[in-house]
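Here's the letter readout for the chains.
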Amino acid sequence: MSASQRQDAEEAEWVPPTRPNCACTEHDDELADLVVPVTEPGVAPMTVEELVACGALGAGPVKPRDRWWEIFDETDAGPERIGPFHWTLWVGDEARSCYDDAAALSLDQSLLARPGVQLVEWMDREEFLIGAPALCASGILAAAARALADPRVRQR
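Just so we're clear, the structure is a prediction, and the values are computed from it rather than from any experiment. (Residues numbered from 1 in each chain as written. Predicted model: local features only at pLDDT ≥ 70, side-chain atom pairs only at ≥ 80, totals over all residues. Heavy atoms only, no water.)

Draft legend 1. Geometry of the overall build of the protein chain. Each helix and strand in the protein chain was counted, giving 5 helices and 8 strands. Mapped in sequence order, the helices and strands of the protein chain form the string α-β-β-α-β-β-β-β-α-α-β-β-α. For the protein chain, the residues scored as buried account for 40% of the 156 residues in total. Of the contacts formed within the protein chain by residues at least 6 apart in sequence, a portion of 67% connects residues at least 24 apart. (Helix = DSSP H or I, 4+ residues; strand = E, 2+ residues; numbered from the N terminus. Buried < 20%, exposed > 50% of the residue type's maximum accessible area, 1.4 Å probe, protein only. Contact = heavy atoms within 4.5 Å.)

Following this line, the structure appears as structure tokens:
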């Protein structure tokens, strides 16, 4: 069995960690009262608890078949694999005013800077794939909350 096949087999067996068997430095319930600033005048900032409760922040495990991507480049050099991804992060409409696309630090870069996060791909406006095998869902939400609270995601 090649190293790539062994790695694939290990990833196929990955089970999302749960508390207390995770490596999270913090969890979303510990940040419930953290107020996340906004960029739009007249829009009230929300707490992490409010963002989670209204569905503006959500996390779930990635399906095993979606843990790796194969990228084909224009040179026809063949596929390049990226991954593994473990979590899907949802950042809905209510959280949209918490960051600015033209900011000094993009939201995906801010997420990547969080402890335990190894890989981030911004799929579309509201969905991210995250490689973080040792974090639990609550830790992913806490990482997202810290990323949104980072003032650099709002500053130009």
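Draft legend 2. Layout of the pairing of strand S8 (residues 127-131). Among the 5 residues of S8, 4 are classified as buried, and the element is accordingly described as predominantly covered. When strand S6 (residues 87-91) meets S8, the two strands line up antiparallel, connected through 4 bridges. Residue pairing across strands places Thr 88 opposite Leu 129, the latter belonging to S8. Here strand S7 (residues 119-124) folds back onto S8, and the loop between the two strands holds 2 residues. (Pairing = 2+ DSSP bridges.)

Draft legend 3. Structural detail: unusual backbone geometry. Going from Arg 19 to Pro 20, the amide bond is cis rather than trans, its omega being 5°. Its place among the elements puts Pro 20 in the loop between helix H1 (3-12) and strand S1 (35-36). Following Gly 83, the chain continues to Pro 84 via a peptide bond in cis, the omega torsion being 5°. Examined against the element boundaries, Pro 84 turns out to sit in the loop between strand S5 (79-82) and S6.

Draft legend 4. Up close: the side chain of Ser 97. Mapping Ser 97 onto the fold places it in the loop between helix H3 (93-96) and helix H4 (107-112). Taking relative accessible area as the criterion, Ser 97 reaches 7% and is therefore assigned buried. Ser 97 has contacts with Pro 37, Val 38, Thr 39, Glu 40 and Val 43, leaving out every residue within four places of it along the chain.

Draft legend 5. Structural context of the pattern of salt bridges. Per the counting criterion, the structure on display carries 6 salt bridges. A salt bridge links Asp 101 to Arg 125, with the nearest nitrogen and oxygen atoms 2.7 Å apart. With Asp 101 in the loop between H3 and H4 and Arg 125 in the loop between S7 and S8, this pair connects stretches of sequence that are 24 residues apart. The class for Arg 125 is partly exposed, based on a relative accessible area of 40%. (Salt bridge = Lys/Arg side-chain N within 4 Å of Asp/Glu carboxyl O.)

Draft legend 6. Representation of helix H5 (residues 137-149). End to end, H5 covers 18 Å across 13 residues, agreeing with the expected 18 Å (1.5 Å per residue, within 8%). H5 sits mainly inside the fold: 11 of its 13 residues count as buried. Of all the residues in H5, the buried ones are Ser 138, Gly 139, Ile 140, Leu 141, Ala 142, Ala 143, Ala 144, Ala 145, Ala 147, Leu 148 and Ala 149. (Expected span 1.5 Å × (residues − 1).)

Draft legend 7. Representation of the nonpolar core in the model. Of all hydrophobic cores here, the largest spans 34 residues; its most connected members are Leu 89, Val 91, Leu 107, Phe 128, Ile 130 and Leu 148. At the level of elements, helix H2 (48-53), S6, H4, S8 and H5 are the ones that each hand at least two residues to this core. With 8 residues, the single largest contributor to this core is H5. Not counting residues up to four positions away in its chain, the partners in contact with Leu 107 are Val 91, Tyr 99, Trp 122, Phe 128, Ala 147, Leu 148 and Val 153. (Core = buried A, V, L, I, M, F, W, Y, C linked by side-chain atoms within 4.5 Å.)

Draft legend 8. Geometry of the packing of aromatic side chains. Applying the stated criterion to the full structure yields 4 aromatic pairs. Taking 5.5 Å as the distance between ring centres and 50° as the angle between the ring planes, the aromatic pair formed by Trp 69 and Phe 85 counts as tilted. Within this pair, whereas Trp 69 is found in strand S4 (residues 69-72), its partner Phe 85 is found in the loop between S5 and S6, the two being separated by 16 residues in sequence. Since its relative accessible area comes to 0%, Phe 85 is described here as buried. Measuring from ring centre to ring centre gives 4.7 Å for Trp 122 and Phe 128, while their planes differ by 35°; the resulting arrangement is tilted. For Trp 122, a relative accessible area of 26% puts it in the partly exposed group. (Phe/Tyr/Trp six-rings, centres within 6.5 Å; stacked < 30°, edge-to-face > 60°.)

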